Amino acid sequence: MSTLQKITLIPAIDIIGGKCVRLEQGDYNRKTEYAADPLEMAKQFEGAGVKRLHVVDLDGAKAGHIQNAAVLERITVHTGLQVDFGGGVKTSADVKRILDCGASLVTIGSIAVNAPETVLQWIETFGANVFFLGADVRNEKLAVNGWLEQTDRSVYDLVNYFRAYGLQQVFCTDISKDGLLAGPATALYRELLQRCPGTQLTASGGVSGMHDVAELQEAGCAGVIIGKAIYEGKISMDMIQQFNTN
């Protein structure tokens, strides 16, 4: 393990109505509210040695345009965290606004599948290094539009397509694992890293404890997004701090 690159822990803050929530398998009707103020949550993570934060504007994802840019700006102004932010990103103006609010990375998902030419224009304008490509997957096939629509396109095709244009930062969620604390899709990530060499892959979904983090590090993942396991107490702030300081 000592020769492996240390995996980066990336806590998730999902926002509805300005508050931290978690959805079970992406279902807005299966919502649990955890904390009133995302900034206070972000500060707790920073205090535990966290460097990166994954912020999802669920209102924006549902509405089709960004809703919580003010929350993003509060976090970037009042912490030193590197934040990736997405949800409802549809135009170059959205991308600019997110970057202007202090995000390090702009998360793109469905639009990369549905309108790849738009994303290529953004890459030309802003550079590939500011984008974090999110691939939501069922049985290695991509799902889009809040997981409601299943496509027949493989995740490997999508990642390799954008990798050819310099986009290396990717996170992949196995929908069947998300929010269930039943373990991550490690086999999928191993396959993705093998088929898409050079990808900086972040795992997302299913993490239930630090043993899963160790497994994902062993598989070669560069990062892991963790949500419910933190909010349900499976991974404590002390565990995060111990991991980050060792």
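About the criteria used
Sequence order as written defines the numbering, with residues in each chain counted from 1. pLDDT decides what is reported in this predicted model: residues at 70 or higher carry local features, side-chain atom pairs at 80 or more are listed and counted, and totals for whole chains, interfaces and linings draw on all residues regardless. Think of the side-chain values as coming from all heavy atoms in the structure, minus any hydrogens and water. Between Lys or Arg on one side and Asp or Glu on the other, a salt bridge is scored when a side-chain nitrogen of the former is within 4 Å of a carboxyl oxygen of the latter. Numbering of helices and strands starts at the N terminus; helices are DSSP runs of H or I of at least 4 residues and strands are runs of E of at least 2. For Phe, Tyr and Trp, rings pair up if their centres lie within 6.5 Å, where Trp contributes its six-membered ring, and each pair is then called stacked (planes under 30 degrees apart), edge-to-face (over 60) or tilted (otherwise). Partly exposed describes any residue whose relative accessible area lies between the buried limit of under 20% and the exposed limit of over 50%, with all areas from a 1.4 Å probe on protein chains only and scaled to the type maximum. An axis is simply a line fitted to the C-alpha atoms; with a helix, the fit covers only the stretch in contact. Between two such axes, the angle follows the N-to-C directions and lies from 0 to 180 degrees. Roughly parallel covers angles under 35 degrees, roughly antiparallel covers those over 145, roughly perpendicular covers 65 to 115, and oblique covers all other angles. By convention, the crossing between two helices is left-handed when the near helix turns anticlockwise from the far helix through less than a right angle, and right-handed when the turn is clockwise. Contacts are residue-level and defined by heavy atoms, with any inter-residue pair within 4.5 Å sufficient. Only Asp, Glu, Lys and Arg are considered charged, only Ala, Val, Leu, Ile, Met, Phe, Trp, Tyr, Cys and Pro nonpolar, and every remaining residue, Gly among them, polar. In protein, a polar contact means a hydrogen-donor-capable atom and an acceptor-capable atom, both N or O and within 3.5 Å, with residues adjacent in sequence counting only if both atoms are side-chain atoms; elsewhere, any N or O pair within 3.5 Å suffices. Between any two strands, pairing holds if DSSP finds at least two bridges. When the strands point away from the viewer, a crossover counts as right-handed if the path from the first strand over the helix to the second runs clockwise. Think of it as the arc spanned by the lines of direction from the helix axis to the C-beta atoms.

(A) Up close: the pattern of salt bridges. With the rule as written, the count across this model stands at 4 salt bridges. With a closest N to O distance of 3.5 Å, Arg52 and Asp84 form a salt bridge. Pair noted here: Arg52 is in strand S4 (residues 52–57) and Asp84 is in strand S5 (residues 82–86), with a separation of 32 residues, a long-range link.

(B) Local environment of the packing of aromatic side chains. Overall, the coordinates contain 5 aromatic pairs when judged by the stated rule. Between Phe45 and Tyr231, the ring centres sit 6.5 Å apart and the planes meet at 75°, which makes this aromatic pair edge-to-face. Placement of Phe45 in helix H1 (residues 38–47) and of Tyr231 in helix H10 (residues 228–231) is noted, with a sequence separation of 186 residues between them. The class for Phe45 is buried, based on a relative accessible area of 0%. When its relative accessible area of 14% is taken as the criterion, Tyr231 is described as buried. For the ring pair Trp122 and Phe131, a centre distance of 6.2 Å and an interplane angle of 20° mean the geometry is stacked.

(C) Inspection of the packing of helix H8 (residues 186–195) against helix H9 (residues 210–219) at higher detail. Relative orientation of the contacting elements H8 and H9 amounts to 20°, with a least axis distance of 9 Å. Between H8 and H9, the angle is such that the two are roughly parallel. Crossing angle aside, the handedness with which H8 passes H9 is right-handed. Facing H8, whose interface residues are Thr186, Tyr189, Arg190 and Leu193, H9 presents Glu215, Leu216, Glu218 and Ala219. Counted by class, the contact of H8 with H9 contains 4 nonpolar, 1 polar and 3 charged residues.

(D) The arrangement of the side chain of Thr186 in detail. Residue placement: Thr186 occurs in helix H8. Overall, Thr186 belongs to the buried group, its relative accessible area being 8%. Of the polar contacts made by the side chain of Thr186, one reaches the side chain of Glu215; its length is 2.4 Å. Setting aside residues up to four positions removed in sequence, Thr186 forms contacts with Glu215, Leu216 and Ala219.

(E) Up close: the pairing of strand S1 (residues 8–16). Of all 9 residues that make up S1, 8 are buried, and the element is covered over most of its length. Where S1 lies against strand S12 (residues 223–226), 4 bridges are found, and the strand directions are parallel. Looking across to S12, one finds that Thr8 is bridged to Gly223. Two elements, S1 and S4, share 4 bridges in a ladder whose sense is parallel. Bridge pairing in S4 links Asp14 to Val56.

(F) View of the pairing of S12. Residues Gly223 and Ile225 point to one face of S12 and Val224 and Ile226 to the other, with burial holding for every one of them. Bridging between strand S11 (residues 200–204) and S12 involves 3 bridges; their strand directions are parallel. Counterpart to Ser204 in the pairing with S12 is Ile225. Taken together, S11, H9 and S12 constitute a β-α-β crossover, and its handedness is right-handed.

(G) Seen up close, the side chain of Ser204. Within the secondary structure layout, Ser204 lies in strand S11. A relative accessible area of 8% places Ser204 in the buried class. Engagement of the side chain of Ser204 in a polar contact is seen with the side chain of Thr173, the distance being 2.9 Å. With residues up to four places along the chain from it excluded, the contact list for Ser204 reads Phe171, Cys172, Thr173, Asp174, Tyr189 and Ile225.

(H) Region of the structure containing helix H7 (residues 155–163). Listed in full, the buried residues belonging to H7 are Val155, Tyr156, Leu158, Val159 and Phe162. Taken around the axis of H7, the buried residues stretch over an arc of 165°, which confines them to a single face. Measuring from the backbone nitrogen of Tyr156 back to the side-chain oxygen at the start of H7 gives 3.2 Å, which picks out Ser154 as the cap.

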